[in-house]
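The residues making up each chain are set out below.
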Protein chains: 2
Amino acid sequence: MSTAVWNGAGRRIHIQEVGPRDGLQMEKAFVPTAQKIAMVNALSAAGLAKVEVTAFVSPTAIPALADAESVLRGIERRPGTVMTCLVPNVKGAQRAMGAGADELNLVMSVSETHNLCNLRMLRSQSFAGLQEVIAVAQQGQAAVNVSLSCSFGCPMEGDVPEQVVLDWSQRFIALGVQGITLCDTTGMAHPAQVHALVRAFKARWPQTPLTLHFHDTRAMALANVLAAIDAGADRFDASVGGLGGCPYAPGASGNACTEELVHALQLMGYDTGVDLAALTQVAAGLPAQIGHDIPSAIVKAGPVHQLHPAPASLEEIRSRAHERLQATANGL
Amino acid sequence: MSTAVWNGAGRRIHIQEVGPRDGLQMEKAFVPTAQKIAMVNALSAAGLAKVEVTAFVSPTAIPALADAESVLRGIERRPGTVMTCLVPNVKGAQRAMGAGADELNLVMSVSETHNLCNLRMLRSQSFAGLQEVIAVAQQGQAAVNVSLSCSFGCPMEGDVPEQVVLDWSQRFIALGVQGITLCDTTGMAHPAQVHALVRAFKARWPQTPLTLHFHDTRAMALANVLAAIDAGADRFDASVGGLGGCPYAPGASGNACTEELVHALQLMGYDTGVDLAALTQVAAGLPAQIGHDIPSAIVKAGPVHQLHPAPASLEEIRSRAHERLQATANGL
C-alpha cells in the first residue's frame, strides 16, 4: 500500500533509443542515409540517454543497415547521449571503432536454440567470439555492453531459468564489460518475473549498469518497466514509434515504444530528460519513411495533456439544460 | 523493493466484461441477437465475474443494442456471473428489471462539460434523475452500480480534482448503491494518479465494492490496474478483444482488453477465475462478427506459454556448429 514506484518524485530514468538499429533493421524499405542521420540527430537532440545508431554487420545479411559507417560518421554528437552500435564480431568492432562509436553492443542469446537459430552458433561459440571482440574493444578503449537475448524466456524452448541468465551475466561481467542488457526478445516477460530477476541481478552486481529491453508483444511493456524500477533498475531500451517486432508474431507490437514510455514516466513524476514533443515528432514522421503505420499510441491519441475542443454546440446544450432546470424549479 | 503487487500469490481479482455493451454499442455492424446471446454465454462460461449484457436505451440513440430485452431474456445464467445492464433512466430500469437484470449500471460524468456533451444534462440534473432510478431499483430489489465517467480527467476540461470524484461518490454511496465504478473514459489515467485516488477511496469506504474501468488509449491500462491493486482494488472492467474506443482518438485502442488483462494477471499469480483459452476464443471470433480487426495482443501473438516450433533446419544448424567446434578443438 505504500509503494514508491508509482510516484517518480523526480528520480532519473535513462531512456535508450534502439529504433535506428533494432527498428530499421526489420524494415523492407531502405531509409536513405541522410534520413537516418536526421533521425539520430533529432533523437539525441530530444534528450535520449543513448542511441543505438546502426549495426556493423554484413550488408548482405542486413541490407537496411548497409550504410553503417556513413550514418555513424555523419551524425552530430551531443554531451549526454552515448552513441552505441551493434557489432557481431571483431571485424564489426573495428569498423565501428574506426567510425567513432562510443560503445559497442554485443549480442548473444541465453537460449541455446535461439542462439543457434539467430546466430548459427552454440552459446559457447558465441561467448568465445565475443571474448575476442571485448579484448579488441578494450585495446581501443571503447565501452562494451552485452545484450542477452531471451533473458525472460525463449519462444521455442520456453522458460529460461534465472540462474542461466545470471551465469551468462557473470561470465561477461568477469571480462570487465561496462554494462549488461537483459532482453525480452519476443515479449514473454511478465512483471513478477521481471521484479525477481532484476532484484537478483542488482543484489549481486549493484554497481553494474543494467538495462532492460522489453517488447510490447503481449501488452506488458510498461508494467514490466515499473516492476523493474521497483526492483532497482533505471535504464530502459525503447524504440521510437514502437518500431521493430517479432518474426514469430506477425502483426503484433514490437519493441516498447519510446514515446509511450516517456509519456507515462513523465506523468508519474520521473525525470527522463526527454522532450516528449520533439520525440513524438520523430515518431510521427516514420510512416512516410518506412511506408506503413506504426503502433505508437501517443502518435494516434496524443498525450494526455493535449485536450480536445468542446463541440460548437456546447453553449446551446448548456442553455437548454439550464432552461429545463429553471422550468423544474418553477414547477412547470 | 518489496512490493507485494508484483506477485499475485493466489489473490482473487474480479474481471468484469463490458464488451457486449460498451464494445458493441460503438460498432456500425448490428451483431445478430443470437450471436450476442452466444457471446454472453461464452463469456460467463469462461468464468468472468460480471458481464455487462446490454443497455436499455432508446433504440434510435443506439441501434446496435436495440435488442436489449431479447438478449437479456435469452442468455443462460451461471452462478458466479452477475448480469448487469446499463440503464439511463426510470423507463430503462423498469425494462431491465422486467427482463431479469441482476444489477443496473447507472452512468454520469464528474466533468460538467463531458456530462453536457454526452448526456445533455448538467451534473445536478443527471444526479436528480439517477436518484429516481435508484429508488425504483431499490423497490424492485435490483442491485445498483454507479459508473462515474471522466474520474481521471476530461478530454475537454482536463484535470478533474480528486475531491470532485470523491464528492460524487459520496452522494451515491449515501443513497445506498451497491458499488461505484471510477471510469477512465478516454484513457487519461496514469499509475501515480490511480494509486492516489484508489487509496483515498478505499480509506474512506473500505467496504464499498469499487471497480476501476480503464481504457488503453495511451497504453497505460495494465500499469493502472497494477497501481490500483497495490492501493487495494480488486475489481476491473475490461472488454473482450479490446472492443470499444474513444471518439476523440480515431484508430486508438479502446477499453482495456480482457484477455490481455487475464493473461498478465494469471502469469503474475493472481486468481482471476477465468479460462484464458475460452476467453481468447471469443475474442478471436469477433472480427468476423464486427467486420474489422481488433487490438488484442493475445489474439495476435498468442499467450506466452504457446511456444513456437523450432525451424526444420535446427538440427542441421546444430550439427554444423558442433563440427566447427570440433575443428577448433582439433586446431584445424
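The structure this text deals with has already been given above.
A brief structural summary. The shown structure was predicted, so the numbers you read here are calculated from the model rather than taken from an experiment.

Calculation criteria
Residues numbered from 1 in each chain as written. Chains lettered and ligands numbered in written order. Predicted model: local features only at pLDDT ≥ 70, side-chain atom pairs only at ≥ 80, totals over all residues. Heavy atoms only, no water. Helix = DSSP H or I, 4+ residues; strand = E, 2+ residues; numbered from the N terminus. Buried < 20%, exposed > 50% of the residue type's maximum accessible area, 1.4 Å probe, protein only. Contact = heavy atoms within 4.5 Å. Areas by Shrake-Rupley, 256 points an atom, 1.4 Å probe, with all protein chains shown as cover. Lys, Arg positive; Asp, Glu negative; His and termini not counted. Charge placed at Lys NZ, Arg CZ, Asp CG, Glu CD. Salt bridge = Lys/Arg side-chain N within 4 Å of Asp/Glu carboxyl O. Least-squares fit on C-alpha atoms with pLDDT ≥ 70 in both. Polar contact = N/O pair within 3.5 Å; in protein donor to acceptor, adjacent residues only side chain to side chain. Core = buried A, V, L, I, M, F, W, Y, C linked by side-chain atoms within 4.5 Å. Nonpolar A, V, L, I, M, F, W, Y, C, P; charged D, E, K, R; others polar. Expected span 1.5 Å × (residues − 1). Pairing = 2+ DSSP bridges. Axes fitted to C-alpha atoms, helices over the stretch in contact; angles between N-to-C directions. Right-handed = clockwise from strand over helix to strand, strands pointing away. Phe/Tyr/Trp six-rings, centres within 6.5 Å; stacked < 30°, edge-to-face > 60°. Lys NZ or Arg CZ within 6 Å of the ring centre and 35° of its normal. Arc of directions from axis to C-beta.

### Focus: the overall build of chain A
- For chain A, the count of helices and strands is 14 helices and eight strands.
- In terms of principal-axis extent, the alpha carbons of chain A reach across some 90 × 45 × 35 Å.
- For chain A, the residues scored as buried account for 58% of the 332 residues in total.
- Of all intrachain contacts in chain A linking residues separated by at least 6 positions in sequence, the fraction that spans at least 24 positions is 74%.
- Summed over its atoms, the accessible surface of chain A is roughly 12400 Å², and 53% of this surface lies on carbon and sulfur atoms.
- When the 23 positive and 28 negative side-chain charges of chain A are each reduced to one mean point, those points stand 2 Å apart.

### Quick notes on the pattern of salt bridges
All names here are of chain A.
- A full pass over the atoms with the stated rule returns 18 salt bridges over all chains.
- The shortest N-O distance in the salt bridge between E103 and K50 comes to 2.8 Å. Taken together, the positions of E103 in strand 4 (residues 103-109) and K50 in strand 2 (residues 50-55) put the pair 53 residues apart, joining distant regions of the chain. Accessibility classification places E103 together with K50 in one group, the buried group.

### So, the relation of the copies chain A and chain B
- When chain A is fitted onto chain B, the two copies agree to an RMSD of 0.0 Å after a turn of 180° and an axial shift of 0.0 Å. Such a turn and shift between the copies fits a two-fold axis. Of the C-alpha atoms belonging to chain A, the one lying closest to the rotation axis is found on A223(A), 2.4 Å away.
- Mapped onto chain B, 100% of the interface residues of chain A again fall at the interface, so both copies present the same surface.

### So, the side chain of E17(B)
Residue and element names in this part refer to chain B.
- By secondary structure assignment, the location of E17 is in strand 1 (residues 14-17).
- Here E17 sits buried without a salt bridge, and the closest side chain of opposite charge, R21, lies 10 Å off (N-O distance).
- Within the structure, E17 has its side chain in polar contact with the backbone nitrogen of V240 (distance 2.8 Å).
- Setting aside residues no more than four positions away along its own chain, E17 makes contact with L43, L48, K50, V51, E52, A238, S239, V240 and T258.

### Overview of the nonpolar core
- If you look at the biggest cluster of nonpolar residues, it comprises 212 residues, and the most contacted ones within it are F172(A) and F172(B).
- Setting aside its immediate chain neighbours within four residues, F172(B) contacts M108(B), F127(B), L130(B), I134(B), V146(B), L148(B), V177(B) and I180(B).

### Here we look at the interface of chain A and chain B
- With 68 residues of chain A at the interface, the matching set in chain B holds 68 residues.
- Where chain A packs against chain B, one counts zero salt bridges.
- Taken together, the elements giving at least two residues each to the side of chain A that touches chain B come down to helix 5 (112-119), helix 6 (123-139), helix 8 (191-204), helix 9 (221-230), helix 10 (258-267), helix 13 (297-301) and helix 14 (314-329) of chain A.
- With seven residues, the top contributor of residues to the side of chain A that touches chain B is helix 14 of chain A.
- Taken together, the residues of the side of chain A that touches chain B sort by class into 40 nonpolar, 17 polar and 11 charged.

### Observations concerning helix 6 (residues 123-139) of chain B
- Taking 1.5 Å as the rise per residue, helix 6 of chain B with 17 residues should run 24 Å; its terminal C-alpha atoms sit 24 Å apart, in good agreement.
- For helix 6 of chain B, every residue scored as buried is listed here: Q125(B), S126(B), F127(B), L130(B), V133(B), I134(B), V136(B) and A137(B).
- Those residues of helix 6 of chain B that are buried are in contact with helix 14 of chain A together with helix 4 (90-98), strand 4 (103-109), helix 5 (112-119), strand 5 (143-149) and helix 7 (162-174) of chain B.
- Q141(B), located one to two residues past helix 6 of chain B, shows a positive phi value of around 60°.

### Quick notes on the sheet that holds strand 6 (residues 179-183) of chain B
All names here are of chain B.
- Read around the closed barrel, eight strands run 1-2-3-4-5-6-7-8, paired in parallel fashion. In this sheet, neighbouring strand axes are inclined to one another by 25° on average, regardless of whether the strands run parallel or antiparallel.
- As defined by bridge partners, strand 5 adjoins strand 6 across four bridges and the pair is classed as parallel. Directly across from V146, in strand 6, lies its bridge partner I180.

### Some thoughts on the pairing of strand 3 (residues 82-86) of chain B
Residue and element names in this part refer to chain B.
- With four of five residues buried, strand 3 is to be regarded as a mostly interior element.
- Where strand 2 (residues 50-55) lies against strand 3, five bridges are found, and the strand directions are parallel. Bridge pairing in strand 3 links A55 to L86.
- Viewed along the sheet, the connection from strand 2 through helix 3 (residues 68-74) into strand 3 turns out right-handed.

### A closer look at the environment of V110(B)
Residues and elements named next belong to chain B.
- Mapped onto the elements of the fold, V110 is located in the loop between strand 4 and helix 5.
- In this structure V110 comes out as buried when scored by relative accessible area, which is 1%.
- Taking the C-alpha atoms as reference, V110 lies 33 Å from V282; in sequence the two are 172 residues apart.
- With sequence-adjacent residues up to four places away left out, V110 is seen in contact with R123, L148, S149, C150, S151, V160, V164, V165 and W168.

### Regarding the packing of aromatic side chains
- Counted according to the given criterion, the structure contains nine aromatic pairs over all chains.
- Ring geometry for F127(A) versus F172(A): centroids 5.0 Å apart, planes at 70°, classification edge-to-face. Placement of F127(A) in helix 6 and of F172(A) in helix 7 (residues 162-174) is noted, with a sequence separation of 45 residues between them. For the pair formed by F127(A) and F172(A), the shared burial category is buried.
- For R171(A), the ring lying beneath its charged end belongs to W168(A), and the centroid distance is 4.2 Å.
- Above the face of the F30(B) ring, K36(B) is positioned so that its terminal group lies 4.0 Å from the ring centre.

### With respect to helix 11 (residues 276-284) of chain A
All names here are of chain A.
- Regarding helix 11, the residues found buried are L276, L279, T280, V282 and A283. Viewed along the axis of helix 11, the buried residues span an arc of 150°, placing them on a single side of the element. Along helix 11, exposed side chains directed more than 90 degrees from the buried face belong to A277 and Q281.
- Turning to helix 11, the residues buried within the fold contact helix 2 (33-45), helix 10, helix 12 (286-290) and helix 13.

### A word on unusual backbone geometry
All names here are of chain A.
- The phi dihedral of R120 is positive, around 60°, even though this residue is not glycine.
- Secondary-structure assignment places R120 in the loop between helix 5 and helix 6.
- Despite not being glycine, Q141 shows a phi value in the positive range, around 60°.
- Turning to its location among the elements, Q141 is positioned in the loop between helix 6 and strand 5 (143-149).

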